[in-house]
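Fold and geometry: a report
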Amino acid sequence: MLRSILVMAVTGAMFAGPVALAAPTCLDSGGGTIRCGTSGAMPVGWTPSPEQVSDRESASSPGPSLSEAVAIIYVIGAIFALVALMPPFDGRNGGDWDEQEGDRRG
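Right, let's walk through the structure included here.

Criteria and cut-off values
Residues numbered from 1 in each chain as written. Predicted model: local features only at pLDDT ≥ 70, side-chain atom pairs only at ≥ 80, totals over all residues. Heavy atoms only, no water. Helix = DSSP H or I, 4+ residues; strand = E, 2+ residues; numbered from the N terminus. Rg over C-alpha atoms; globule rule 2.2 N^0.38 Å. Buried < 20%, exposed > 50% of the residue type's maximum accessible area, 1.4 Å probe, protein only. Areas by Shrake-Rupley, 256 points an atom, 1.4 Å probe, with all protein chains shown as cover. Lys, Arg positive; Asp, Glu negative; His and termini not counted. Charge placed at Lys NZ, Arg CZ, Asp CG, Glu CD. Disulfide = S-S within 2.5 Å.

**Examining the overall build of the protein chain**
Assigned secondary structure in the protein chain consists of 3 helices and 2 strands. For a compact globule of 106 residues, the expected C-alpha radius of gyration is about 13 Å, and the protein chain comes in at 30 Å, more than 25% above that figure. In terms of overall dimensions, the protein chain has a C-alpha envelope of 80 × 65 × 25 Å along the principal axes. Considering the protein chain as a whole, with its 106 residues, one finds that 5% of them fall into the buried category. Total accessible area on the protein chain stands at roughly 9,700 Å², and carbon and sulfur atoms take up 63% of it. Side chains of the protein chain give 6 positive and 11 negative charges; the mean places of these two sets differ by 12 Å.

Have a look at this one:
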C-alpha cells in the first residue's frame, strides 16, 4: 500500500510540473532558420516554396571533398595503428599488474 502511494505521488509530481513552451521558429527568405524579430526574418508560419527548397538542397555539398575523405581515412588508420601497437595484456597473470600496496609483506 505504501509503495503504491509513493508511486502515485511521484507520478503526480512529474505531471504537475509546468509546461515549457518554445519560441516560434522563423525562416529567412532562403529557407534557413533564423531568430524571429531580426532583420531578414520572414513572418511566423511562412514556408519557402518547393523551388526554393530544392535550390537550397542542391546548393549544399553532398558530402566531404576528396581531401577531407583522405584525411578521415588517415586519422582512422592512425587510431587503428596505435591500437595494434599496444602491448599484449589480458590481466590473467600476476606479472601483468604493477606492484600494489601490501604485495611485499615480510
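There's more to say after this.
**Structural notes on the state of the cysteines**
The term disulfide refers to a covalent linkage connecting the sulfur atoms of a pair of cysteines. The final tally for this structure, using the stated rule, is 1 disulfide. There is a disulfide in this structure between Cys 26 and Cys 36, and the S-S distance comes to 1.8 Å. Linking Cys 26 and Cys 36, the disulfide has an S-S dihedral of approximately 100° and is accordingly described as right-handed. One end of the pair, Cys 26, is in strand S1 (residues 26-27); the other, Cys 36, is in the loop between strand S2 (33-34) and helix H2 (50-59), with 10 residues separating them in the sequence.

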